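# Residue-level structural notes
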Amino acid sequence: MAYCVRCGVELDEAAKKCALCGTQVIDPDAFKCVADDAAPAFSQDLVLPPSVRRRYLAFIISMVILIPNIVSAIINLLFPSSGIWAVYVVSTSALVWVLFVQPFLWHKRNLYYFIATDGLAIAAFVFVFQLLDKNKSWFLSLALPLIVLLEITVLITAYWLKRAKRDWPETVNVVLAQIGVYSLFVDLLLHRYLQKTFNLSFSLVVIACCLALVAFFLAVKRNRRLRTWLSRKFFV
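Residues numbered from 1 in each chain as written. Predicted model: local features only at pLDDT ≥ 70, side-chain atom pairs only at ≥ 80, totals over all residues. Heavy atoms only, no water.

### Quick notes on the confidence of the model for the chain
The predicted model of the chain has a mean per-residue pLDDT of 84, with 89% of residues at 70 or higher. When pLDDT is averaged over each element of the chain, helix α3 (residues 85-101) comes out on top at 93 and helix α1 (residues 28-37) at the bottom at 55. (pLDDT = per-residue confidence, 0-100. Helix = DSSP H or I, 4+ residues; strand = E, 2+ residues; numbered from the N terminus.)

### Looking at the packing of α3 against helix α4 (residues 111-131)
For any two helices packed against each other, the geometry comes down to the angle between their axes and how far apart the axes lie. One way to put it is that α3 packs onto α4 with a least axis distance of 9 Å and a crossing angle of 170°. Overall, the two elements α3 and α4 adopt an arrangement that is roughly antiparallel. For the pair α3 and α4, the contacting residues are Val87, Tyr88, Ser91, Thr92, Leu95, Val98 and Leu99 in the first and Thr117, Asp118, Ala121, Ile122, Phe125, Val128 and Phe129 in the second. (Axes fitted to C-alpha atoms, helices over the stretch in contact; angles between N-to-C directions. Parallel < 35°, antiparallel > 145°, perpendicular 65-115°, else oblique. Contact = heavy atoms within 4.5 Å.)

### Overview of the side chain of Ser72
Along the polypeptide, Ser72 turns up in helix α2 (residues 50-78). Beyond its immediate sequence surroundings of up to four residues, Ser72 is in contact with Trp85, Ala86 and Val89.

### Things to note about the packing of α2 against α3
The geometry of α2 relative to α3 is characterised by a closest axis approach of 9 Å and an angle of 170° between their N-to-C directions. Put simply, α2 runs roughly antiparallel to α3. In this structure, α2 uses Ala58, Ile61, Ser62, Ile65, Asn69, Ser72, Ala73, Ile75 and Asn76 to contact α3, whose residues at the interface are Trp85, Ala86, Val89, Val90, Ser93, Trp97 and Val101. In terms of residue class, the contact of α2 with α3 is made up of 11 nonpolar, five polar and no charged. (Nonpolar A, V, L, I, M, F, W, Y, C, P; charged D, E, K, R; others polar.)

As structure tokens, this is what we get:
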């Protein structure tokens, strides 16, 4: 039995409004069904910000890398007669972590910082191999100059790209030019280290290939139809 909420008159079960005052009749059971079927005010799923998800992924990958290294070190300590092979495993894993996992830990990514830390990690990785090698002259005279030159080249390229928006043919030509110059220095340093002379061999081939490619991409940059076709074909 129902009554009007305003005047208190007894209502018929099928009434839509009060016969005396005209107040609308609301069925609370029907309202409850609609409320139960409605979506909750707050999501029941745990939603993590992208930065938190990246750090969580970095933590999982770090554990995947760390645990096998700990096991390898323990096995190597238990069986020292097999050599110090765990050093290679640990150093390689550390390099992989710095290159690929470390960037996920930072909220704001600084490109120059990552380039610098990657260069230091590569230098440290190569230095570990030098410590285990009987010939200790190749790191300072060959490996370190090549790593420093590579770091300088990458830093210059990153700075040049960030200063302004570049067309992709122009960017490719700059990269090709740097590859040619870097191969020249690698060739000179290798001949200086191995033969004690400054001669050129394989770098001439690399420079010739880079010059041919630079000429091709210069033509692409000037030919609008060819450039448009390549951009559509390769999504650049």
